[in-house]
Amino acid sequence: MKVVLVGYMASGKSTVGQLLAKVLDAPFVDLDDYIEEEMGMSIGELFSKKGEIFFRKTEFQLLGKVLEESKDIILATGGGTPCYGNNMQTISKNSNLSVYLHLSIPSLVDRISREKDKRPLVKNLKDENLPEFIGKHLFERRSYYAQADVTINCDGKSIEEVVTEIQSHYSK
Ligand code: S3P
């Protein structure tokens, strides 16, 4: 079983993915961690030393690699993964289920303001500029996220509730 989680930064892809993997007894991979291991550099260093275009090419190559070489996998992608190249096609071709974890802008602002540092795209923004940035960015990205097989509205839901909802689609 291959399940791919997509969604904006801080939407809970890794946390939900880890619990889902535990419940399904399947391997869990976080694409950002996989990129960091393969490249021997943190995502922050990749952005600052090599630039975003290099990061996107690497992300594209390693997305294909990890999905092709795994039989069973729960994959948490990066927030931008579905929005570049033909990554969304790669995801739908190489997975049984893709899931968009949707959160409202206020929820994303709240979460991201608490964990900006490891995210190069937002780390230099002032907190007061986050709502406008996230609102516009999400607007640009939502047509990609919407291509996932299933959208789950995660506002006000626990991780367990989100996982149960994913499982209900998985068994359909
Ligand atoms: C990015 C999201 C990050 C990471 C990189 C770029 C994005 O992953 O891949 O900083 O473009 O939204 P998370 O969604 O895990 O923060």
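Whatever comes next refers back to the structure up there.
Described below are features of the structure shown in this document. Quantities reported herein were computed from a predicted structural model and do not represent experimental measurements.

### Observations regarding the site of the ligand
Here's step 1: The immediate surroundings of the ligand are formed by Met 9, Asp 32, Ile 43, Gly 78, Gly 79, Gly 80, Arg 119, Pro 120 and Leu 121.
Here's step 2: Class assignment for the residues of the shell around the ligand results in 4 nonpolar, 3 polar and 2 charged.

### As for the sheet that holds strand S1 (residues 2-6)
Here's step 1: Taken together, the 5 strands give an open sheet; going across it, the order is S2-S3-S1-S4-S5, and neighbouring strands pair in parallel fashion. Either end of the sheet is taken by a strand with one partner, and the two such strands are strand S2 (28-30) and strand S5 (150-153). For this sheet, the mean inter-axis angle between neighbouring strands, taken without regard to orientation, is 20°.
Here's step 2: In this structure, S1 lies alongside strand S3 (residues 73-76), joined through 4 bridges in parallel fashion. The partner of Val 4 across the bridge, within S3, is Leu 75.
Here's step 3: Sitting on the sheet, helix H1 (residues 13-24) is in contact with S1, S2, S3 and strand S4 (97-102), with an inclination near 175° to S3.

### Focus on helix H2 (residues 31-39)
Here's step 1: Every buried residue belonging to H2 is among Leu 31, Asp 32 and Ile 35, and all of these are buried. In an axial view of H2, the angular spread of the buried residues amounts to 100°, which keeps them on one side of the axis.
Here's step 2: On its buried face, H2 is in contact with S2, helix H3 (43-50), helix H4 (52-69) and S3.
Here's step 3: Once H2 finishes, Gly 40 follows within two positions and takes phi at roughly 65°, a positive value.

Analysis parameters
Residues numbered from 1 in each chain as written. Predicted model: local features only at pLDDT ≥ 70, side-chain atom pairs only at ≥ 80, totals over all residues. Near = placed C-beta within 6 Å. Nonpolar A, V, L, I, M, F, W, Y, C, P; charged D, E, K, R; others polar. Pairing = 2+ DSSP bridges. Helix = DSSP H or I, 4+ residues; strand = E, 2+ residues; numbered from the N terminus. Axes fitted to C-alpha atoms, helices over the stretch in contact; angles between N-to-C directions. Contact = placed C-beta atoms within 7 Å. Buried ≥ 20, exposed ≤ 12 C-beta atoms within 10 Å, placed from the backbone. Arc of directions from axis to C-beta.

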